[in-house]
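Okay, here's what each chain looks like letter by letter:
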Amino acid sequence: MKSNSEAYAGLEDKDIFHKISPFFIWLLRDMTQSLPRDCENIKDYFLTKVFKEQSSSSSDQSKNVVRSILSFFPGFDAFALPIPTVDPEVLKSISDKQSQINPAFLSGLKQFRQLLKDTLVPKNSFNDDELVSGEGLAQLVELYTKAINTPGAIPNVQNTWDVAVQKQCSKAKKDAMKTYNDFMMSELSPKLPCDSDEIRKCHDAAFAQLKSCFAAGLSTNTVEKCFIELKISMDETLDDWYTKNANSTRDSCNAITKKLSKQHLDPVRQQLDGEDAAKLSFHDFTDAYDRFKEDYEKFSIGAQDVIAQVLLDFQQVGNSGTCDQITLPCNHPGPDMKRKDVKTGSSCSYIVKSRRTLVHE
């Protein structure tokens, strides 16, 4: 097994494994022999007797095993449990017959549990300030197993952890985007069209919830890198919401202009087409338009820039009959209107350019 890729070749294997390996605990079961008098406990026995004897008299392979245990793991401990019972029938259902179990075994089991609680810590990863979660450990085991079962392949700690982190980040980003999309959909869909600031507020609120999607133990640098990639996807989705809101605002405002034009402007046009056209004054036109504009600003909701643009487009439509252009019979200009050309039976177009100016077209 390799500890790292060529990019990290400056570090020695023992330093890498010492950092990322778990605590080594050697548990002996069914121990019946007594320890030598000069050994304080079973751990002391291993360190002063077993390992030293292996190093001085055994083969190179045994020496390497001892050296690996002491140098590749951040800590070493040992514990011995006596035989629980000599009765085979009790062993078959040990959990149901605890009253018949050797008291020394039960006492030792309790001490061993405490040893585990005092010793076990989160597993460090290859990267600084990064811990291996249960999900990450499962991915490491899967990747190591795949490498071991591949002829000629050598498991690489650094590369394997990078792949595991990439998988965790990919899943976290996918979960985060789902959380973001679900939140935006539930908050904004009932509100469209709405002010653009409302979309930004929902976006910020959704973004604040996303760090919980990332697995505990990933380093700050890894999480920040994932967040940069996530933010790009979120910004694209945010732009889609702005576009959707603009389209919804435009549709709503067009419907409002159509309704208000029929309510406020059409009566003036109808009077112009009738016998009472001469009774219309300039103020009749401006008052009708003022009522139209006032109601438009009152009832229009959505993106403010789109609201303003729809009104501007409405004013510039021209001869479509849906703006403030009115066609007057030239022989009935009205008492407050001036015309440049008067031809009996003809008609001239007048456009309200301001509250006080009616220009012949």
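Residues numbered from 1 in each chain as written. Predicted model: local features only at pLDDT ≥ 70, side-chain atom pairs only at ≥ 80, totals over all residues. Heavy atoms only, no water.

1. Topic: the overall build of the chain
- For the chain, the count of helices and strands is eleven helices and seven strands.
- Buried residues in the chain amount to 35% of all 361 residues.
- At a minimum sequence separation of 6, the contacts of the chain that also span at least 24 residues come to 64%. (Helix = DSSP H or I, 4+ residues; strand = E, 2+ residues; numbered from the N terminus. Buried < 20%, exposed > 50% of the residue type's maximum accessible area, 1.4 Å probe, protein only. Contact = heavy atoms within 4.5 Å.)

2. Let's talk about the pattern of salt bridges
- Applying the stated criterion across every chain yields a total of ten salt bridges.
- As a salt-bridge pair, E229 and K173 come within 2.3 Å of each other at their nearest N and O atoms. Taken together, the residues E229 in helix α9 (residues 220–272) and K173 in helix α7 (residues 157–188) connect sequence positions 56 residues apart.
- A salt bridge links K231 to D235; its shortest N-O distance comes to 3.2 Å. In this pair, K231 and D235 are both assigned in helix α9, four residues apart and thus about one turn of the helix distant.
- Residue K231 is classed as partly exposed on the basis of its relative accessible area of 43%.
- For D235, a relative accessible area of 28% translates into the label partly exposed.
- Among the charged side chains, a network of salt bridges with common partners joins E187, K191 and E198. (Salt bridge = Lys/Arg side-chain N within 4 Å of Asp/Glu carboxyl O.)

3. A short note on the side chain of S300
- Topologically, S300 is positioned in the loop between α10 (282–299) and α11 (304–315).
- Judged by relative accessible area, which is 9%, S300 ranks as buried.
- Engagement of the side chain of S300 in a polar contact is seen with the backbone oxygen of Y296, the distance being 2.6 Å.
- Excluding anything up to four places from it in sequence, S300 contacts C253, I256 and I307. (Polar contact = N/O pair within 3.5 Å; in protein donor to acceptor, adjacent residues only side chain to side chain.)

4. Some remarks on the nonpolar core
- In terms of nonpolar packing, the biggest core is built from 20 residues, with F292 and Y296 touching the most fellow members.
- Residue contributions to this core peak at seven residues, all from α9.
- Residues in contact with Y296, not counting those within four places in the same chain, are C253, I256, T257, L260, I307, V310 and L311.
- Among the nonpolar cores identified, the runner-up in size contains 18 residues, and L188, C194, C202 and V223 belong to it. (Core = buried A, V, L, I, M, F, W, Y, C linked by side-chain atoms within 4.5 Å.)

5. Quick word on the packing of aromatic side chains
- Taken as a whole and judged by the stated rule, the model has twelve aromatic pairs.
- Residues F292 and F314 carry aromatic rings whose centres are separated by 4.6 Å and whose planes lie at 20° to one another, so their mutual orientation is stacked. Highlighted residues: F292 in helix α10 and F314 in helix α11, separated in sequence by 22 residues.
- The exposure class of F314 is buried, given its relative accessible area of 6%.
- Ring pairs connect the aromatic residues F24, W26, Y45, F46, F51 and F76, which therefore count as one cluster.
- Positioned above the aromatic ring of W241, the side-chain terminus of K244 is 4.3 Å from the ring centre. (Phe/Tyr/Trp six-rings, centres within 6.5 Å; stacked < 30°, edge-to-face > 60°. Lys NZ or Arg CZ within 6 Å of the ring centre and 35° of its normal.)

6. What to know about the packing of α10 against α11
- Where α10 contacts α11, the axes come no closer than 12 Å and their chain directions differ by 155°. As judged from the angle between their axes, α10 and α11 are roughly antiparallel. Our pair here, α10 against α11, has a crossing hand that is right-handed. Contact residues: Y289, F292, K293 and Y296 in α10; I307, V310, L311, F314 and Q315 in α11.
- Grouping the constituent residues of the contact of α10 with α11 by class yields seven nonpolar, one polar and one charged. (Axes fitted to C-alpha atoms, helices over the stretch in contact; angles between N-to-C directions. Parallel < 35°, antiparallel > 145°, perpendicular 65-115°, else oblique. Left-handed = near helix turned anticlockwise from the far one by under 90°. Nonpolar A, V, L, I, M, F, W, Y, C, P; charged D, E, K, R; others polar.)

7. A look at unusual backbone geometry
- At the junction of L192 and P193, the peptide bond is cis and its omega measures out at -5° in the coordinates.
- By the element assignment, P193 lies in the loop between α7 and α8 (196–208).
- Although it is not a glycine, D30 adopts a positive phi angle of roughly 55°.
- Of note, D30 is situated in the loop between β1 (24–28) and α2 (42–57).

8. Quick notes on the side chain of T119
- Along the chain, T119 falls in helix α5 (residues 103–119).
- Residue classification places T119 among the buried positions, given a relative accessible area of 12%.
- Ignoring anything within four residues of it in the chain, the contact list for T119 reads F23 and I25.

9. Brief notes about the pairing of strand β2 (residues 76–80)
- Of all five residues that make up β2, four are buried, and the element is covered over most of its length.
- Judged from the five bridges that link them, β1 and β2 form a sheet pairing that is parallel. By the bridge assignment for β2, I25 is matched with D77. (Pairing = 2+ DSSP bridges.)

10. Focus: the environment of C169
- Relative to the assigned elements, C169 resides in helix α7.
- Note: C-alpha distance between C169 and L230 (61 residues apart in sequence) is 9.9 Å.

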